[in-house]
Amino acid sequence: MTGHTSAGQVNLRRATPWWVYVAATLLAVFALGPLLVFAFNSLKTQSDIASNPIGPPVHFEWDNFVTAWTQANMSAGLMNSLIIVSGTVAGVLVIAGSAAYAMARLGLPGTNGVMAYLLIVSSLPIQLFLVPLFFMWTRIGLYDNLFGVIIIYWALYSPFATLLIRSFMLQLPASYEEAARLDGAGELMVLVRVVLPNVWPGFLTAALVSGLAAYNEFVVVVTFIQSNDKMPVATSFFSFQQGYTTNYTLISAAGMIMLAPMLILFLLLQRRFVQGVSSQGLAGS
Amino acid sequence: MAAASASPPASSATSSAVSARPAAVRSAARAPRTKGRSPAQQRRRLAWWFMCPLIVLNALVIVTPACLAVYYSFTDWTGLGPAHFIGLANYRKLFSDADFRNALLHNVYWTLFFLVVPMAMGLLGAYLLSRITRFQVLFRIAYFIPYTVASVVTAAVWQRLLSSDSGLGKVLGVNFLGDVHLSLLTVASINNWAWWGFLVVVFLTAMQGVNASLYEAAEIDGAGEWRKFVSITLPSIRPTFMFLGLMTIIWSFLAFDYIYILTQGGPAGSTDVLSTLQYRNAFSAQQAGYAAAIGVVMAMISAVVVIGYQTLRRRKGWDI
């Protein structure tokens, strides 16, 4: 009976109408077509683009990538993004991991109250605190400073990561840590040696969600980073695009360079990406 | 759905839902442990130390500036120098400011667009994926890829495609981003391209939880595809649907990225929204106090939406 009601079995029994595939393909074209045109254009010359704006390039102009790399300051941008993303992810995992541990395993008093507080505070719009935060950060020397941006991301992304990691920790039987505690292990040791190895999928999911958010984030970096040499790839691409609106081949090449790291990571770990991101939208069900 | 309806009364829309299932699990897990009183008490004291980094960061980055924003909203602060208390002057100015009314109206249009277009596309995509037996993973990847693309890149992709020099704009003789009647719709549509795939995966996850025997029963009764979708799928995923609707409304009043990147509120204020108006006041017009007041109003709009949702839930007993 249980096997009978699984979705896979039913799908096999219900023949899929042809129009389902047609409609699904149309949606896929809508999703990927613009990116494909963008990729094509990154390999054309300016005159190719004028005569052939949509189709594939006739010959591949790889030099666009070399030119875009230097002119759009991509190496510095990607380096700054790498610093921001790795700093954000490392911090979020430590902050959210220990908070989740306190709530899920240490019996934090008033966990429900703390969770409600976190949810309310983390759903405050950034527009409410952006302006005073900007002047606070300017005063204490965190403006135009990568670490200043990382701290903001820690505060913005940790609450959701805490909820995510906590839900993974709750699935771990308490007997695991009890045994380690009886052997005299301290709480930090229990967390690192016993709980962490068992809930790493939760940590990986939280890392992917906050890493993607930090790499693509725009409002905070455009507000808090001013110097060209400190810009992450999001804002260095943006200022390049603003300055080069006529040379679309170079803009496409620079865009492809920015796109590539996240796209590759997503394709490698898509299942976990989708699971983590969709849990943001399933909080209510 | 059973887990959600069993949730204890809680203080915010999202917290009750999130804490519902784990609360039961946790109290069950804790019961035997509290017998050995001393180590458990020690652990609880230790728990606050583990919470410390999160709470300190929260206070520093969010709570302190949020409180400051409320204070500055009653002052004439420019962002530099001293702030003088001016009472409700900023808020009075808001209600007579034509730019504010213009921006607020655009946020309302933006909300309507995002409640209809991406939600419909998300439902359609998820439904199609749930019916597909071959290449389902490939289709799902395809739909989700735009969501992983940064807003600055998405903007560049579409600016070219719609360009009136050589893109679709030239073919159709339309200036998508330059025409004051089309600009807001264009920006919203570009944002939608990067957004609807997120809704697909969320709706798909919800649809996969629907009891398949309901469909079998409906088929025996001779129900067609549309009938099954309306009578079984939609009611079954209603909690997810309502939650995403709520979040859509909240996010729509905060929309910023695509508008700032593509048009900065122009042409002629035709895409100006509350967040771009606030940004201009704070960082170009040296009106930090006024910008803070706009931020407070935006936070209040979010609060009203959440409280309204909660009230409807309680009063009408919506099972969400």
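Source: prediction; values computed, not measured.

A.B. asks: Tell me what's going on with the overall build of chain A, and back it up with residues and numbers.
C.D. replies: Helix and strand content of chain A: 14 helices and zero strands. Scanning chain A from its N terminus toward the C terminus, one meets helices and strands in the order α-α-α-α-α-α-α-α-α-α-α-α-α-α. Referenced to the eigenvectors of the C-alpha coordinate spread, the extents of chain A come out at roughly 75 × 65 × 35 Å. Taken across its 285 residues, chain A has 48% of its residues classed as buried. At a minimum sequence separation of 6, the contacts of chain A that also span at least 24 residues come to 75%.

A.B. asks: Provide a residue-level description of the overall build of chain B, including the pertinent values.
C.D. replies: Helix and strand counts for chain B stand at 15 helices and zero strands. The buried share of chain B, reckoned over its 320 residues, is 43%. For chain B, the share of sequence-separated contacts (at least 6 apart) that also reach a separation of at least 24 residues comes to 64%.

A.B. asks: For unusual backbone geometry, give the residues involved together with the corresponding values.
C.D. replies: The linkage connecting Gly-266 of chain B with the following residue, Pro-267 of chain B, adopts the cis geometry, with an omega of -10 degrees. Of note in the backbone geometry, Asn-73 of chain A takes a positive phi value of approximately 60 degrees without being a glycine. Considering the arrangement of structural elements, one finds Asn-73 of chain A in the loop between helix H4 (63–71) and helix H5 (74–104). Although it is not a glycine, Asp-144 of chain A sits at a positive phi angle of roughly 60 degrees. Mapped onto the secondary structure, Asp-144 of chain A falls in the loop between helix H7 (126–139) and helix H8 (146–169).

A.B. asks: Talk me through the nonpolar core; I want residue IDs and the actual numbers.
C.D. replies: One broad trend across soluble globular proteins is that nonpolar side chains are buried collectively. In this structure, Ile-165, Ala-206, Phe-237 and Ala-254 of chain A together with Val-152 and Phe-203 of chain B are the most contacted members of the largest nonpolar core, which totals 177 residues. Broken down by element, this core gets its largest block of residues, 17 residues, from helix H9 (residues 183–208) of chain B. Here this core spans two domains, since at least three of its residues come from each of domain 1 (3–66) and domain 2 (72–243) of chain A. The residues touching Ile-165 of chain A, leaving out its near neighbours within four places in the chain, are Ala-96, Gly-97, Ala-100, Val-199, Gly-202, Phe-203 and Ala-206 of chain A.

A.B. asks: How would you sum up the interface of chain B and chain A? Please name residues and give values.
C.D. replies: Taken residue by residue, the interface counts 95 residues in chain B and 82 residues in chain A. The element contributing the most residues to the side of chain B that touches chain A is helix H3 (residues 37–72) of chain B, with 19 residues. Here the side of chain B that touches chain A is built from residues that sort into 62 nonpolar, 23 polar and ten charged.

A.B. asks: So, helix H7 (residues 151–162) of chain B: which residues are in play, and what are the values?
C.D. replies: Over its twelve residues, H7 of chain B extends 16 Å from the first C-alpha to the last, a length consistent with the 16 Å expected when each residue adds 1.5 Å. Summarising burial for H7 of chain B: eleven of the twelve residues are buried, a large majority.

A.B. asks: So, the domain arrangement of chain A: which residues are in play, and what are the values?
C.D. replies: Each assigned domain of chain A is listed here: domain 1 (3–66) and domain 2 (72–243). Look at where the C-alpha atoms of domain 1 of chain A and domain 2 of chain A centre, and you get two points 33 Å apart.

A.B. asks: Describe the packing of helix H5 (residues 98–131) of chain B against H9 of chain B, and please don't skip the residues or the numbers.
C.D. replies: To describe two helices that pack against each other, one gives the angle between their axes and the distance between the axes. Residue and element names in this part refer to chain B. Where H5 contacts H9, the two axes come as close as 6 Å, and the packing angle between them is 40 degrees. As summarised for this structure, H5 and H9 are arranged oblique, according to the angle between their axes. For H5 against H9, the interelement crossing comes out right-handed. Per-class residue counts for the contact of H5 with H9 are 19 nonpolar, six polar and no charged.

A.B. asks: How would you summarise the confidence of the model for chain B if you had to cite specific residues and measurements?
C.D. replies: Residues and elements named next belong to chain B. Looking at chain B, the pLDDT average stands at 84 and 87% of residues meet or exceed 70. Element-level pLDDT for chain B is lowest in helix H1 (residues 2–5), with a mean of 33, against a maximum mean of 95 in H5. Here residues 1–36 scores under 50 on pLDDT; set against residues more than four positions off or in separate chains, the count is 51 contacts.

A.B. asks: So what about H7 of chain A? Which residues, and what values?
C.D. replies: Side chains three or four residues apart in an α-helix point the same way, a direct result of the helix having 3.6 residues per turn. End to end, H7 of chain A covers 19 Å across 14 residues, agreeing with the expected 20 Å (1.5 Å per residue, within 8%). Backbone geometry just downstream of H7 of chain A places Gly-141 of chain A in the positive-phi region, at approximately 75 degrees.

A.B. asks: Could you give an account of the environment of Ile-220 of chain B, with specific residues and numbers?
C.D. replies: Residue placement: Ile-220 of chain B occurs in helix H10 (residues 212–220). For the pair Ile-220 of chain B and Met-242 of chain B, spaced 22 residues apart in sequence, the C-alpha separation works out to 30 Å.

A.B. asks: A description of the environment of Leu-128 of chain A should follow, citing residues and the corresponding values.
C.D. replies: Residue placement: Leu-128 of chain A occurs in helix H7. Judged by the 27 C-beta atoms lying within 10 Å of it, Leu-128 of chain A falls in the buried class. The sequence separation of Leu-128 of chain A and Gly-255 of chain A amounts to 127 residues, and the corresponding C-alpha distance is 31 Å. Apart from residues no more than four positions distant in its own chain, Leu-128 of chain A is found in contact with Ala-66, Ala-69, Gly-295, Val-296, Met-298 and Ala-299 of chain B.

A.B. asks: Give me the packing of helix H4 (residues 89–96) of chain B against helix H15 (residues 288–315) of chain B: which residues, what numbers.
C.D. replies: Residues and elements named next belong to chain B. One way to put it is that H4 packs onto H15 with a least axis distance of 9 Å and a crossing angle of 70 degrees. Of the possible angle classes, the one that applies to H4 and H15 is roughly perpendicular. From H4, Asn-90, Tyr-91, Lys-93 and Leu-94 reach across to H15, where they touch Gly-289, Tyr-290, Ala-293 and Val-297. Tallied by class, the residues present in the contact of H4 with H15 amount to five nonpolar, two polar and one charged.

A.B. asks: Now, about the confidence of the model for chain A: what can you tell me, with residues and values included?
C.D. replies: On average, residues of chain A score 86 in pLDDT, and 94% of them reach the 70 mark or higher. Considering only residues more than four positions removed or in separate chains, one finds that residues 1–13 of chain A, a stretch of pLDDT under 50, has 13 contacts.

A.B. asks: Any details on the environment of Phe-238 of chain A? Residues and values, ideally.
C.D. replies: Tracing the sequence through the fold places Phe-238 of chain A in helix H12 (residues 233–243). Taking the C-alpha atoms as reference points, Phe-238 of chain A and Phe-65 of chain A, separated by 173 residues in sequence, lie 17 Å from one another. Once residues lying within four places of it in the same chain are set aside, the contact partners of Phe-238 of chain A are Val-152 and Ile-261 of chain B.

About the thresholds
Residues numbered from 1 in each chain as written. Chains lettered and ligands numbered in written order. Predicted model: local features only at pLDDT ≥ 70, side-chain atom pairs only at ≥ 80, totals over all residues. Helix = DSSP H or I, 4+ residues; strand = E, 2+ residues; numbered from the N terminus. Buried ≥ 20, exposed ≤ 12 C-beta atoms within 10 Å, placed from the backbone. Contact = placed C-beta atoms within 7 Å. Core = buried A, V, L, I, M, F, W, Y, C linked by C-beta atoms within 7 Å. Domains from an automatic or database assignment. Nonpolar A, V, L, I, M, F, W, Y, C, P; charged D, E, K, R; others polar. Expected span 1.5 Å × (residues − 1). Axes fitted to C-alpha atoms, helices over the stretch in contact; angles between N-to-C directions. Parallel < 35°, antiparallel > 145°, perpendicular 65-115°, else oblique. Left-handed = near helix turned anticlockwise from the far one by under 90°. pLDDT = per-residue confidence, 0-100.

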